[in-house]
Amino acid sequence: MSLLALDGPAVDGNLYTWLTDLAQQAPGWLDGLVTTWSTYGLALFALLMLVAWWRARAAADPARTAMVLAAPLAVVIAFLADTGIKSVFREQRPCQTLHTVTLEACPPLGDWSFPSNHAAIAAAAAAALWAADRRVAAIAVPAALLMAFSRVWVGAHYPHDVVLGLAVGAVIAWPLTRAARRAAPLVQRMGATPLRPLVAAR
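Let us look at the structure shown here.

Criteria and cut-off values
- Residues numbered from 1 in each chain as written.
- Predicted model: local features only at pLDDT ≥ 70, side-chain atom pairs only at ≥ 80, totals over all residues.
- Heavy atoms only, no water.
- Helix = DSSP H or I, 4+ residues; strand = E, 2+ residues; numbered from the N terminus.
- Buried < 20%, exposed > 50% of the residue type's maximum accessible area, 1.4 Å probe, protein only.
- Contact = heavy atoms within 4.5 Å.
- Areas by Shrake-Rupley, 256 points an atom, 1.4 Å probe, with all protein chains shown as cover.
- Patch = residues over 30% accessible without salt bridge, like charges linked within 9 Å, V, L, I, M, F, W, Y side chains within 5 Å.
- Salt bridge = Lys/Arg side-chain N within 4 Å of Asp/Glu carboxyl O.
- Axes fitted to C-alpha atoms, helices over the stretch in contact; angles between N-to-C directions.
- Parallel < 35°, antiparallel > 145°, perpendicular 65-115°, else oblique.
- Left-handed = near helix turned anticlockwise from the far one by under 90°.
- Nonpolar A, V, L, I, M, F, W, Y, C, P; charged D, E, K, R; others polar.
- Phe/Tyr/Trp six-rings, centres within 6.5 Å; stacked < 30°, edge-to-face > 60°.
- Disulfide = S-S within 2.5 Å.

### Some words on the overall build of the protein
When its secondary structure is counted, the protein shows ten helices and zero strands. Written out in order from the N terminus, the α and β elements of the protein read α-α-α-α-α-α-α-α-α-α. When the 202 residues of the protein are sorted by exposure, 44% land in the buried category. Counted over contacts in the protein with a minimum sequence separation of 6, partners at least 24 positions apart contribute 79%. By element, 70% of the accessible surface of the protein is carried by carbon and sulfur atoms, the whole surface being about 10,000 Å².

### Some words on the side chain of Arg93
For Arg93, the position within the fold is in the loop between helix H4 (62-89) and helix H5 (94-97). A residue is classified by how much of its surface remains accessible, and Arg93, at 6% relative accessible area, is buried. For Arg93, the residues in contact, after removing those within four places along its chain, are Lys86, Pro107, Asp111, Trp112, Ser113, Arg151, Ala156 and His157.

### Quick word on a nonpolar patch on the surface
Nonpolar side chains collect at one region of the surface, where Leu73, Val76, Ile77, Phe79, Leu80 and Leu176 lie side by side and expose about 500 Å² of accessible area between them. The element that contributes the greatest number of residues to the nonpolar patch is H4, accounting for five residues. When you line up the elements, Phe79 lands in helix H4.

### Quick look at the packing of helix H6 (residues 117-132) against helix H7 (residues 134-153)
Relative orientation of the contacting elements H6 and H7 amounts to 165°, with a least axis distance of 8 Å. By the angle between their directions, the pair H6 and H7 is classed as roughly antiparallel. Two packed elements cross with a definite hand, and for H6 against H7 that hand is left-handed. Of H7, the residues touching H6 (which contributes His118, Ala119, Ala122, Ala123, Ala126, Leu129, Trp130 and Ala132) are Arg134, Val136, Ala137, Ala140, Val141, Ala144, Met147, Ala148 and Arg151. A breakdown of the residues in the contact of H6 with H7 according to their chemical character gives 14 nonpolar, one polar and two charged.

### Thoughts on the packing of helix H3 (residues 42-59) against H4
Relative to each other, H3 and H4 sit at 160°, their axes nearing to 8 Å. The pairing of H3 with H4 is recorded here as roughly antiparallel in orientation. Crossing angle aside, the handedness with which H3 passes H4 is left-handed. Taking contact as the criterion, the partners of Met49, Ala52, Trp53, Arg55, Ala56, Arg57 and Ala59 in H3 are, on H4, Arg64, Thr65, Val68, Leu69, Ala71, Pro72 and Val75. Classifying every residue of the contact of H3 with H4 by side-chain character gives ten nonpolar, one polar and three charged.

### Remarks on the packing of aromatic side chains
With the rule as written, the count across this model stands at five aromatic pairs. With centroids separated by 5.6 Å and ring planes inclined at 35°, the aromatic side chains of Phe149 and Trp153 adopt a geometry described as tilted. Separated by four residues within a single helix, Phe149 and Trp153 lie in helix H7, roughly one turn from each other. On the accessibility criterion, Phe149 (37% relative accessible area) is partly exposed.

### Notes on the state of the cysteines
Between two cysteines, a covalent bond joining their sulfur atoms is known as a disulfide. Applying the stated criterion across every chain yields a total of one disulfide. A disulfide bridge connects Cys95 with Cys106, and the sulfur atoms are separated by 2.1 Å. Judged by the sign of its S-S torsion, about 85°, the bond between Cys95 and Cys106 is right-handed. Separated by eleven residues along the polypeptide, Cys95 in helix H5 and Cys106 in the loop between H5 and H6 bring together distant segments of the chain. On the basis of relative accessibility, which here comes to 7%, the residue Cys95 falls in the buried class. Given a relative accessible area of 32%, Cys106 falls into the partly exposed group.

Structure (structure tokens):
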């Protein structure tokens, strides 16, 4: 049962409608790019985590490898936490409440809006990568911000949904990934087992 019911339009409904109206006036190619990114962009973060893992193996750095291996788990935990917050606040999607024309089909009633899962996942991946591999994170961080913006542009979320989603993802994934450094001795021991290819290039 819901403990709260967040009134999305009262928070930043005007900003949401301004952005979705702007999307309707934007060139079709731009809307197409943003919509494609909004739908499929999370795959980039999985790819970036693979790149970070490959780089950590090559560097033979046990602490860094431990953090990279922990990154997907940190993302999953952030997603679960974000989903739990949704079940508490039960905010209806803005396209359901404000009845605006949006680029993305409006999710059904009961598919809660606050906070954004897409933003939380993207931010969690970016924060985990920032802890483990700053060079790869230089791509992930702006990509996470772009993912959050795209969710508003296509009409799926209010701005405050994506802001909190970013916060939830980053606040959970950063300390979890940093804490994974303590597993460096375990990574070293794995190097002497059949799991060696997972943690070392040679």
